[in-house]
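# An overview of the molecular structure
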Amino acid sequence: MLLRRGTGGAWLAFSMATAALIWLATGGASPLPAQEPAEEAAPAAEAPAEVPDAGEPQAEEPAAAGGEAAPAAEGVAPTEPETMLSWAIRASGPIGVFLVFLSVYFTALVIRLFIEYRVSEAVPPPLVEKLEAAIRDKKFQEAYDLCRDNDSFLARLVRTGIANLPNGRAEAKEAMAVASGEIVTELEMKISYLAVIGTLGPMIGLVGTVWGMIESFREIATAAGAQPRPDKVAGGISTALFITLEGVSLSVPAIFFFAFFRNKVAQMTIEANRVADRTINSLVAAAKAGPKSPAA
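Counting starts from 1 at the beginning of each chain's written sequence and moves along it residue by residue. Only residues with pLDDT of at least 70 are given local features in this predicted model, and only at 80 or more are side-chain atom pairs given and counted; all residues enter the totals for whole chains, interfaces and linings. Each side-chain value is worked out from all heavy atoms of the structure, with water and hydrogens disregarded.

## Section: the overall build of the protein
Looking only at helices and strands, the protein has eleven helices and zero strands in total. Secondary structure elements of the protein, listed N to C terminal, follow the sequence α-α-α-α-α-α-α-α-α-α-α. The buried share among the 296 residues of the protein stands at 30%. Only heavy atoms matter for contacts: two residues are in contact if any of them lie within 4.5 Å across the pair. Restricting to contacts in the protein with at least 6 residues of sequence separation, those with at least 24 account for 79%. Put simply, DSSP marks the helices as runs of H or I at least four residues long and the strands as runs of E at least two long, and each gets a number from the N terminus on. Any residue under 20% of the maximum accessible area for its type is buried, any over 50% is exposed, and the rest in between are partly exposed; the area is computed with a 1.4 Å probe on protein chains only.

What follows is the structure, given as structure tokens:
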């Protein structure tokens, strides 16, 4: 309901008294200015006209509550929430730093194995073509020199077979089998580090779990009857969880790549032995057809 200006002084006094009662009823303990200008009294006097509306007193509650909370928050700067990355780094601690270095080594090892453990590296197509051409032309010494100057899986097998051919074909193949076993052992030694990382990951995570739980329970045990600090307890638990997650996250790909490269070694071994046997058989057949004998 709207009021018209110019009503009598009695109505003005009644309006001001009603406004004061409403202010007190709504908890109006918030500080007010020392003195309001006289010309603002008339608009304030019009406020009681809205008293019948039940929504108006409720609308003043947030302002009153805000007025009470303002002195408590005075002088306290709001803190920005911590990012997930910074929280993970802080919670992981020195164990997390060690896991990061282990992850870098693991990544470098996997990249190196991807470059070296290929069938095209174990059995180079250019070497196969040159060997076939040399055997076809009965240049057996040249075939041996090609393998001597090459360090691939196939070259090591073929030069071992050629060197043992004077002792017989069976002896040459047996020597090639022994050489193949040695080469496979060397290859598997490199990928065994992946198995070690796959085993260490969960163990390091378990160490972090135990350490984090010790930190949390130490805070509870040393509280001496007082309320333990929730941030300290939560800090120990977050350390346990983050380090466990990091250890498992390193272990899972390490186990996968260990199995992957072990299969690669088997594939390389099968292909190298197959081509080496074929090369030795071709060399023996070419030697029997001509006057030249293979170079020892």
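On we go.
## Looking at unusual backbone geometry
In this structure, lysine 138 is a non-glycine residue whose phi angle is positive, near 60°. With respect to the helices and strands, the residue lysine 138 is situated in the loop between helix 7 (125–136) and helix 8 (140–148). A relative accessible area of 27% places lysine 138 in the partly exposed class.

## Overview of a nonpolar patch on the surface
Judged by side-chain polarity, Met203, Leu206, Val210, Trp211 and Ile214 come together as a nonpolar surface patch covering roughly 500 Å² of accessible area. Positionally, isoleucine 214 belongs in helix 10 (residues 169–221). Only residues whose relative accessible area exceeds 30% and that take part in no salt bridge are eligible for patches, with like-charged residues grouped when within 9 Å of each other and nonpolar side chains (Val, Leu, Ile, Met, Phe, Trp, Tyr) grouped when within 5 Å. We get accessible surface area from the Shrake-Rupley algorithm with a probe of 1.4 Å; when it comes to residues, only the shown protein chains can shield them. For this analysis, a salt bridge means a side-chain nitrogen from Lys or Arg found within 4 Å of a carboxyl oxygen belonging to Asp or Glu.

## A closer look at the pattern of salt bridges
Overall, the coordinates contain eleven salt bridges when judged by the stated rule. Between glutamate 116 and lysine 190 there is a salt bridge whose closest N-O contact spans 3.4 Å. Pair noted here: glutamate 116 is in helix 5 (residues 84–116) and lysine 190 is in helix 10, with a separation of 74 residues, a long-range link. The class for lysine 190 is partly exposed, based on a relative accessible area of 30%. The partner of aspartate 231 in a salt bridge is arginine 229, with the nearest N and O atoms 2.7 Å apart. Under the relative-accessibility criterion, arginine 229 is labelled partly exposed at 45%.

## Details of the packing of aromatic side chains
In this analysis, rings of Phe, Tyr and Trp, with Trp reduced to its six-membered ring, are considered paired at centre separations within 6.5 Å, and the interplanar angle assigns stacked below 30 degrees, edge-to-face beyond 60, and tilted for intermediate values. All chains considered together, the criterion is met by ten aromatic pairs. Measuring from ring centre to ring centre gives 6.4 Å for phenylalanine 257 and phenylalanine 260, while their planes differ by 90°; the resulting arrangement is edge-to-face. Note that phenylalanine 257 and phenylalanine 260 are positioned in helix 11 (residues 230–289) at a spacing of three residues, about one turn of the helix. Site record: aromatic cluster; members linked through ring pairs are Phe106, Phe114, Tyr117, Phe256, Phe257, Phe260 and Phe261.

## Let's talk about the side chain of glutamate 219
With respect to the helices and strands, the residue glutamate 219 is situated in helix 10. Here glutamate 219 occupies a buried position and makes no salt bridge, while the nearest side chain of opposite charge, arginine 218, is found at 5.4 Å. Counting rule applied: Lys, Arg positive; Asp, Glu negative; His and chain ends not counted.

## Quick notes on helix 8
Listed in full, the buried residues belonging to helix 8 are Phe140, Ala143, Tyr144 and Cys147. The buried side chains of helix 8 occupy one side of the element, clustering within an arc of 95° when seen end-on. The arc refers to the directions leading from the helix axis to the C-beta atoms.

## Some thoughts on helix 9 (residues 153–164)
In an α-helix, one turn spans 3.6 residues; hence positions three or four apart end up facing the same way. Expected helix span is computed as 1.5 Å times (number of residues minus one). Spanning twelve residues, helix 9 covers 17 Å between terminal C-alpha atoms, matching the ideal 16 Å at 1.5 Å per step. Every buried residue of helix 9 is listed here: Phe153, Leu154, Ala155, Leu157, Val158, Gly161, Ile162 and Asn164. Residues of helix 9 that are buried in the fold lie against helix 6 (119–122), helix 7, helix 8, helix 10 and helix 11.

## Describing the confidence of the model for the protein
A score between 0 and 100, pLDDT records how confident the predictor is in each residue. When pLDDT is averaged along the protein, the result is 76; 71% of the residues meet or exceed 70. Across residues 1–11, where pLDDT falls below 50, the model places seven contacts with residues more than four positions away in sequence or in other chains. With pLDDT under 50 throughout, residues 292–296 is counted as low confidence; its partners more than four residues away or in other chains account for twelve contacts.

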